[in-house]
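What follows is each chain in one-letter form.
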Amino acid sequence: MDYNSEFRRSIDRPDEFWREQAANIDWFKSPDTIWQATDNGHGEWFPDGELNSCDVALDANIRAGRGDQTALIYDSPVTNSQKSYTYNELTAEVAKFAGALRDRGISKGDRVIIYMPMIPEAVVAMLGCARIGAIHSVVFGGFAAHELAVRIDDAQPKAIITASCGIEVTKVIEYKPLVDKAIDQASHKPEFCILYQRPQVTAQLQEGRDYDWSELTTNARPVEPVPVKSTDPLYILYTSGTTGKPKGVVRDNGGHAVALRYSMKLVYDAKPGDVYWAASDVGWVVGHSYIVYAPLFAGCTTILYEGKPVKTPDAGAFWRVVQDHKVNMLFTAPTAFRAVRKEDPEADHLTRYDISSLKRLFLAGERLDPATYEWLREQTGLPVLDHWWQTETGWAICCNPVGIEMMATKPGSATVPSPGFNVQVVDMEGNQVPAEEQGQIAVKLPLPPGCMMTVWGDDERFRKTYLDPIKGFYSSGDGGFIDDDGYVFVMGRTDDVINVAGHRLSTGEMEEVVASHPAIAECCVVGAQDEMKGQIPVGLVLIKDGATIDHDELEEELVDMVREKIGAIACFRRAMVVERLPKTRSGKILRRVIRQIADGEDYSVPSTIDDPAILEEIRQHFRN
Ligand code: COA
Ligand code: AMP
């Protein structure tokens, strides 16, 4: 089968195509209906099918004779420890933990927030929820208490699962005070918490509300996976939008399992028994899809790495993991390799390790800059494959379809649309723009399986954000072009979302925090280019008349506020005091021009600008 015929079939005969893919996973009740339209203008996959995602990830592998194969390898340079679980062992742990959840009254449809570091218990907690049909919502450990509180209020969880601490290189971050603070701040109060005590920190448990993980699971009886409808939610994962309120992306069970199973072949050419490593965090979509679910759906061995690309202990960390566990495919964000390259430009560390097990390198999460792409190809001699996707889609919208046909790579391009994604570059009216010309990258509806069903509790927001802007299409929020050969080039967001070290953040949210400072009259936050992290946020602030505060002191306070409200991960370190902000005559801040000035790019003065002289003033500020 070649790529073109596979792609055409997926678009022209989607029912036949996805029925075939659905046959590759175990169902309790196989679906008769493949796709049907829904009221929100979207659609649902396999609506009359029943399955359990934990069963597909674990029990199905045991049934297929892989019980003694390694399912998960935990590798933690920050604690100097490693641990492996076979499919039999991981299933037993998960079944017991699911039993503990059930004993505490958690059942199908209940929400459970998981706020944990990269330890096996995080995976056990996710799969344990899935086993009993509870909906997990993992919150990245780098988010501050306020962000956790916002998610508690939105998801209304019955329980929170956490650990006593996370470890950032050498810094131990206590989680319990953050969880307590978040629960205090939130209006919704979860019934209970389960806490996993790590040796580095023993957290205080609150009598009657908090339970110790080990005590709870020791005597729990294992439970079998419960059948859920294909369209029942498996998880909610919050992602940044253009406003301060994150969006709860809702993922179904059936479409997700079918799509991810297919993606393991299409995108990664992974086979049962392969060792697959996504160096990300379970708090992001890459972690959900490619640390936890997809590698297990495909019968692979997945790696859970608690460390960094550098400093744990050095820039050879990734190569060491590849050698130790004979990794076959490695997937990470370009920023990770930019960090490695900065510390080890000649890749000297690479010569210390045997990475011959590695077949390909996969990059996503942000634009793969041609310099990093070339460096990786040169140093490793391996195919370096970019693929483009989003929290909303859960798997690659564009990829090099190596499992079907390896295509020539082009630096700067995520290659071609994955089967199922009818990708087009259009204007805001939905008219296709000519090849090579930039426009909005959109996907003609319906979307394939695996993509978000809606925004949790807010169908209206789902429609307004994704379906209304360009009629008949899913709006990706990314801009770019398709070249004459059909290759897709994703150039960046067209909204106020920025990408900091592969982490998606909202400048609108940062602006809300900055604007809440009593001395600030007005502000704007833009993403400026950064050599290592891709982008970093920079604030421009206007002080209220009469406010007398030292500018350095103000900057420090604003930096602290963003750290406190959003988290260190935002990397907000710069706030410049300006006299005025460039605006259109109708009062709209000219963010794009500010961004161009910040990046030292040429900019044209918009005809609608209120006072063109401001732009030069801003340029001087960035120069200083
Ligand atoms: N829990 C708590 N804090 C966290 C955290 C977590 N899970 N992850 C990051 N942080 C903190 C860091 O400690 C740091 O705090 P500091 O300002 O007090 O030093 C801050 O958030 C920024 O962290 P990070 O973005 O990791 O920057 P860094 O300079 O420490 O490391 C890289 C740079 C490139 C090595 C790192 O960003 C990285 O590994 N990037 C890859 C990210 C990735 O895999 N993304 C994939 C998404 S697909
Ligand atoms: P997230 O939802 O956190 O995965 O972030 C999704 C966003 O990251 C996309 O909308 C893009 O802006 C960006 N992104 C992800 N992968 C790529 C890629 N391969 N090339 C360019 N941008 C990417």
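How each quantity is defined
Residues numbered from 1 in each chain as written. Chains lettered and ligands numbered in written order. Predicted model: local features only at pLDDT ≥ 70, side-chain atom pairs only at ≥ 80, totals over all residues. Heavy atoms only, no water. UniProt positions renumbered as here; feature names shortened; annotations may be inferred. Near = heavy atom within 4 Å. Polar contact = N/O pair within 3.5 Å; in protein donor to acceptor, adjacent residues only side chain to side chain. Areas by Shrake-Rupley, 256 points an atom, 1.4 Å probe, with all protein chains shown as cover. Helix = DSSP H or I, 4+ residues; strand = E, 2+ residues; numbered from the N terminus. Nonpolar A, V, L, I, M, F, W, Y, C, P; charged D, E, K, R; others polar. Buried < 20%, exposed > 50% of the residue type's maximum accessible area, 1.4 Å probe, protein only. Pairing = 2+ DSSP bridges. Right-handed = clockwise from strand over helix to strand, strands pointing away. Contact = heavy atoms within 4.5 Å. 1 Å grid on protein atoms, 1.4 Å probe; cavity = no way out; pocket = protein on both sides within 12 Å on 5 of 7 lines; lining within 4 Å. Points joined across faces, edges and corners; volume = space filled by probe spheres on them.

An unreviewed UniProt entry annotates the protein chain as PrpE protein of Marinobacter lipolyticus SM19. According to UniProt, the comment filed for the protein chain under the heading Sequence similarities (unreviewed entry) is "Belongs to the ATP-dependent AMP-binding enzyme family."

**Some words on the site of ligand 1**
Residues in contact with ligand 1 amount to 23 residues; listed here are only the nearest, Glu168, Lys171, Lys308, Lys533 and Arg563. In the environment of ligand 1, an oxygen atom lies 3.0 Å from a nitrogen or oxygen atom belonging to the side chain of Glu168. Ala279 places a polar main-chain atom, nitrogen or oxygen, 3.4 Å from an oxygen atom of ligand 1. Starting from 940 Å² of accessible surface for ligand 1 in isolation, the protein chains cover 81%. When residues of the shell around ligand 1 are traced back to their parent elements, those giving at least two are strand S10 (171-174) and helix H12 (334-343). Partitioned by chemical class, the residues of the shell around ligand 1 number 11 nonpolar, six polar and six charged.

**Section: the pairing of strand S19 (residues 360-363)**
Every second residue of S19 is oriented toward a common face, with Arg360 and Phe362 on one face and Leu361 and Leu363 on the other, all of them buried. In the sheet, strand S18 (residues 329-332) pairs with S19 via four bridges, with the strands oriented parallel. Bridge assignment links Met329 to a residue of S19, and that residue is Arg360. Traced from S18 through H12 to S19, the parallel crossover comes out right-handed. The pairing of S19 with strand S20 (residues 384-386) spans three bridges and is classified as parallel. Bridging across to S20, Leu363 finds its partner in Asp386. For the handedness criterion, the β-α-β arrangement of S19, helix H13 (residues 370-380) and S20 is classed as right-handed.

**A few points about the UniProt feature "domain: AMP-binding enzyme C-terminal" (unreviewed entry) in the protein chain**
Annotation from UniProt places "domain: AMP-binding enzyme C-terminal" (unreviewed entry) at residues 509-588. Helix makes up 28% of residues 509-588 and strand 30%, whereas the separation of the span's terminal C-alpha atoms amounts to 17 Å.

**Side note on the site of ligand 2**
Taken together, 15 residues lie near ligand 2, and His387, Thr391, Asp478, Arg493 and Arg504 sit nearest. Between Glu366 and ligand 2, the recorded distance is 3.4 Å, taken from a backbone N or O atom to a nitrogen atom. The contact in question runs from an oxygen atom of ligand 2 to an N or O atom on the side chain of Asp478, over 2.5 Å. Residues that form the shell around ligand 2 fall into these classes: four nonpolar, five polar and six charged.

**Overview of the environment of Asn431**
As for its placement among the helices and strands, Asn431 is situated in the loop between strand S23 (422-426) and strand S24 (439-444). Here Asn431 falls in the partly exposed class, since its relative accessible area comes to 44%. When the C-alpha positions of Asn431 and Lys229 are compared, they lie 37 Å apart, and in sequence the two are 202 residues distant. Asn431 has contacts with Val425 and Val426, leaving out every residue within four places of it along the chain.

**Some remarks on empty space enclosed by the protein**
Summed over all chains, the structure comprises four cavities of 30 Å³ or more. For the largest cavity, the calculated volume is near 90 Å³. Lining the largest cavity we find 13 residues, and of these His42, Gly43, Trp45, Cys451 and Met452 sit closest to its centre. When grouped by side-chain class, the residues that make up the lining of the largest cavity number seven nonpolar, four polar and two charged. Around the second largest cavity sit Val138, Val139, Phe140, Phe143, Arg151, Leu237, Tyr238 and Gly283, which together line it. Looking at the lining of the second largest cavity, its residues break down into six nonpolar, one polar and one charged.

**Looking at the environment of Pro537**
If you trace the backbone, Pro537 turns up in strand S30 (residues 534-543). Along the backbone, Pro537 and Asn499 are 38 residues apart, and their C-alpha atoms lie at a distance of 9.2 Å. Excluding its chain neighbours within four sequence positions, the residues that come into contact with Pro537 are Ile498, Val500, Met510, Val525, Val526, Gly527, Ala570, Cys571, Phe572 and Arg574.

**Focus on the pairing of S24**
Along a regular strand, successive side chains alternate from one face of the sheet to the other. Here S23 runs beside S24; their pairing, made up of five bridges, is antiparallel. Residue pairing across strands places Val425 opposite Ile441, the latter belonging to S24. Here S24 pairs with strand S25 (residues 473-482) via five bridges, running antiparallel. By the bridge assignment for S25, Ala442 is matched with Ser475.

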